[in-house]
Amino acid sequence: METRIRFGDFVSEASVHQREVSYNDLAALAPEQAARIHIQATEAAELLKPYVTPRFMEQAKAVVPLALYLVLFQLLMLRQGVARSWAVSAGLAAVMIGLMLFMEGLKLGLMPLGETLGNTLPARRPLPVVLFVTFLLGIGVTLAEPAIGALQEAGKIVSPQGAPILYTLLTAKATLLKTAVAIGVGLAAVLGTLRFVYNWSLKPLIYFSVLPALALTLYAHFDPNMRQVIGVAWDCGAVTTGPVTVPLVIALGIGVAAAVGKGESKLQGFGIVTLASVFPIITVLLSSLLVDAPVAPPAAVAAGAVGWYSRSPTVEILAAIQAIVPLVLYLLLVMKFVARKAVPNLRYVIYGVVLAVVGMAIFNLGLTYGLASLGGQSGSLIPAAFMTLDQVAGSPLYFFALGIAIAALFSWFLGFGATLAEPALNALGITVENLTNGAFKKSMLMYAVSIGVATGISLGVLKVIFGWNLLYFLIPGYLLLLVVTYFSSEEFVNVGWDSAGVTTGPVTVPLVLAMGLGLGNAVKALDGFGILSLASLCPILSVLLLGLWVQWRNRKLTEAGA
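Residues numbered from 1 in each chain as written. Predicted model: local features only at pLDDT ≥ 70, side-chain atom pairs only at ≥ 80, totals over all residues. Heavy atoms only, no water.

All right, on to the pattern of salt bridges then. Pairing between side chains becomes possible if they bear opposite charge and their charged atoms approach one another. On inspection of all chains with the given rule, the structure shows 2 salt bridges. Of the charged contacts in the structure, one is a salt bridge between Glu 104 and Arg 55, with a shortest N-O distance of 2.9 Å. Highlighted residues: Glu 104 in helix α4 (residues 85–124) and Arg 55 in helix α3 (residues 41–77), separated in sequence by 49 residues. On the basis of relative accessibility, which here comes to 7%, the residue Glu 104 falls in the buried class. Here the residues in one salt-bridge network are Arg 55, Glu 104 and Lys 107, joined through shared partners. (Salt bridge = Lys/Arg side-chain N within 4 Å of Asp/Glu carboxyl O. Helix = DSSP H or I, 4+ residues; strand = E, 2+ residues; numbered from the N terminus. Buried < 20%, exposed > 50% of the residue type's maximum accessible area, 1.4 Å probe, protein only.)

Below, the structure written as structure tokens:
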């Protein structure tokens, strides 16, 4: 006889006993009766298989193709094996397992709290109190982002001799950097929530945030201390829009808008990703003014032992607890003392928090030994295609022009494949197709974003190789974006500017950071930052241009039909 046991949102069937028993039936049984029901390990595995498999495969689809691509490129094109291959393989497996647990914990533990808080708080507290809670939430979710740890680890690869201010900001002053990023996201969350409440247009908010960021960037270019920070400041905008920040803050914002009776806008959920990408740029550039004299680096680093540094499992677990638990405690305290509402399904919340903490710890370990290690290896070996490297016999492997072309094409296909594999991009494509009544197909958006990210990463790699100034891309690029934004419809502006956020996930960010910094060290560049910023700029432009073409095509079809 079949036994059906329901765990949360999935149902599995296994042959366990001779009569059907539901989860509710089990709960209603007396303890002495329940004790008679035993599930063996193999049967438990069969029960969990339909639950675990799709969640694991979702992460595997993003990680495995990228890893295989990097390994094959290294073996076939650069003629080099993978160093510490067993550690890298174990690290990649840990990345997938960690992300699976973390994302599931986020959905079970943190997301319901954000939604409940958003629906309850505005009805019981005035808007200023709600905005203050939102500001602190923006800070908390940023510190819980997995990619924030990757940014701090990446700082240890920066040459302390070549970029001392940048090295100091990423190591000794890392707390200042993370605080600046968190404050930027907090301000973006407040402004995004106000946009949800009052249905503001996104265009003025874009002008209001991008123009000051460009002005500060131009100022930093002429300040020797701040100039080194431009790349990491703009890359921080990509780091912030990850799997914690975006869903939790949007859930709170939409809940607020629905609670005040303005939750029916077609623009729900859009805009906050854009603001959370731009505001940290401003706050990080301002924070660099507080960094004066560089701190002396550790002896190993000063001697030139530059690499992706690892931390022990104990340290990673403690770091995960410090990132997740304070955020959850904050949400629980706000629920109890500010919203004055009991936490629904507290056991599920606790279970989700445990999953999130364990998942983040495993992910960070896998990041150190797997994804970042592999990306750093590939990045440091790419120059062998066009210049002499001591660790690669017979380098340069190709004549200069061909080697540069290989490096550019490698990074282009890496960006294209990584973006196309992002689950969030598929979800955005469905939303866009519904918003535009089928005029903007999901496939059109996915390819436009993927081509944009690929082009941005390729330009970033060339920028590092040739030492081009990032300013020459950012200023004209974003000014062009502002012009295209002016002529675009509100729907395409929302989609285009938010599309950059879905491309910078917990897999893409550390991989591109490690690759860029490894490449930068190999070619003796001051730093390898800036690639992520170009990977955010180009997809916005590609989507907006495609949107203008769709608008033009629809207008012509309408005129022809008339």
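The relation between two aromatic rings is expressed through the spacing of the ring centres and the mutual angle of the planes. Following the criterion strictly, the structure yields 12 aromatic pairs and no others. Here Tyr 198 and Trp 200 contribute two aromatic rings whose centre-to-centre distance is 5.6 Å and whose plane-to-plane angle is 20 degrees, an arrangement assigned as stacked. A network of ring pairs unites the aromatic residues Trp 412, Phe 413, Phe 416 and Tyr 447 as a single cluster. Taking the ring centre of Phe 337 as reference, the NZ or CZ of Lys 336 above it sits at 5.8 Å. (Phe/Tyr/Trp six-rings, centres within 6.5 Å; stacked < 30°, edge-to-face > 60°. Lys NZ or Arg CZ within 6 Å of the ring centre and 35° of its normal.)

It should be kept in mind that the predicted coordinates are not to be read in detail where pLDDT is low. The predicted model of the protein has a mean per-residue pLDDT of 80, with 83% of residues at 70 or higher. Confidence scores differ between elements of the protein, with strand β1 (residues 3–7) showing the lowest mean pLDDT of 34 and helix α20 (residues 471–487) the highest of 94. Note on residues 1–27: pLDDT under 50 across the span, and 52 contacts to partners over four residues away in sequence or across chains. In the model, residues 298–309 has pLDDT below 50 throughout and makes 23 contacts with residues more than four positions away in sequence or in other chains. (pLDDT = per-residue confidence, 0-100. Contact = heavy atoms within 4.5 Å.)

Another point: the packing of helix α19 (residues 442–466) against helix α22 (residues 508–522). At a minimum axis distance of 9 Å, the contact between α19 and α22 shows a crossing angle of 25 degrees. Between α19 and α22, the crossing angle belongs to the class labelled roughly parallel. Helix-helix and strand crossings are classified by hand; for α19 and α22 the assignment is right-handed. Contacts between α19 and α22 involve Ile 457, Val 461, Val 464 and Ile 465 from the former and Val 512, Met 515, Gly 516, Leu 519 and Gly 520 from the latter. Tallied by class, residues from the contact of α19 with α22 come to 7 nonpolar, 2 polar and no charged. (Axes fitted to C-alpha atoms, helices over the stretch in contact; angles between N-to-C directions. Parallel < 35°, antiparallel > 145°, perpendicular 65-115°, else oblique. Left-handed = near helix turned anticlockwise from the far one by under 90°. Nonpolar A, V, L, I, M, F, W, Y, C, P; charged D, E, K, R; others polar.)

With that settled, the discussion passes to the nonpolar core. Grouped together as the largest cluster of nonpolar side chains are 126 residues, with contacts concentrated most on Tyr 478 and Trp 497. Ranked by residue count, the leading element in this core is helix α23 (residues 531–561), at 12 residues. If we skip the residues at most four places from it in the chain, Tyr 478 touches Val 210, Leu 214, Trp 234, Trp 497 and Leu 537. (Core = buried A, V, L, I, M, F, W, Y, C linked by side-chain atoms within 4.5 Å.)

Among the secondary structure elements, Val 246 is positioned in helix α12 (residues 245–259). Owing to a relative accessible area of 22%, Val 246 belongs among the partly exposed residues under this scheme. Note: C-alpha distance between Val 246 and Ala 189 (57 residues apart in sequence) is 9.6 Å. Setting aside anything within four residues of it in sequence, one finds Val 246 in contact with Thr 241 and Val 273.

Our next topic: the environment of Ile 282. Mapped onto the elements, Ile 282 comes out in helix α13 (residues 272–287). In this structure, the C-alpha to C-alpha distance between Ile 282 and Val 210, residues 72 residues apart in sequence, is 9.0 Å. Not counting chain neighbours up to four residues away, the residues in contact with Ile 282 comprise Ser 209, Pro 212, Ala 213 and Leu 216.

As for its placement among the helices and strands, Thr 116 is situated in helix α4. Excluding anything up to four places from it in sequence, Thr 116 contacts Met 335, Lys 341 and Pro 344.

This paragraph deals with unusual backbone geometry. With an omega dihedral of 0 degrees, the bond running from Ser 395 to Pro 396 counts as a cis peptide bond. Checked against the element boundaries, Pro 396 lands in the loop between α16 (346–381) and α17 (400–420). Unlike most non-glycine residues, Arg 84 shows phi in positive territory, near 50 degrees. Of note, Arg 84 is situated in the loop between α3 and α4. Not every positive phi belongs to a glycine, and Arg 340 is a case in point at roughly 55 degrees. Within the fold, Arg 340 resides in the loop between α15 (313–338) and α16.

Where empty space is left in the structure can be found by rolling a water-sized probe over the atoms. Counted according to the given criterion, the structure contains 3 cavities of 30 Å³ or more. Roughly 160 Å³ of internal volume is contained in the largest cavity. Lining the largest cavity are 16 residues, with Ser 277, Tyr 478, Ala 500, Ser 536 and Ile 540 positioned closest to its centre. Secondary-structure elements contributing two or more residues to the lining of the largest cavity are α11 (230–240), α13, α21 (490–502) and α23. If one sorts the elements of the lining of the largest cavity by residue count, α13 sits on top with 4 residues. Partitioned by chemical class, the residues of the lining of the largest cavity number 8 nonpolar, 8 polar and no charged. (1 Å grid on protein atoms, 1.4 Å probe; cavity = no way out; pocket = protein on both sides within 12 Å on 5 of 7 lines; lining within 4 Å. Points joined across faces, edges and corners; volume = space filled by probe spheres on them.)

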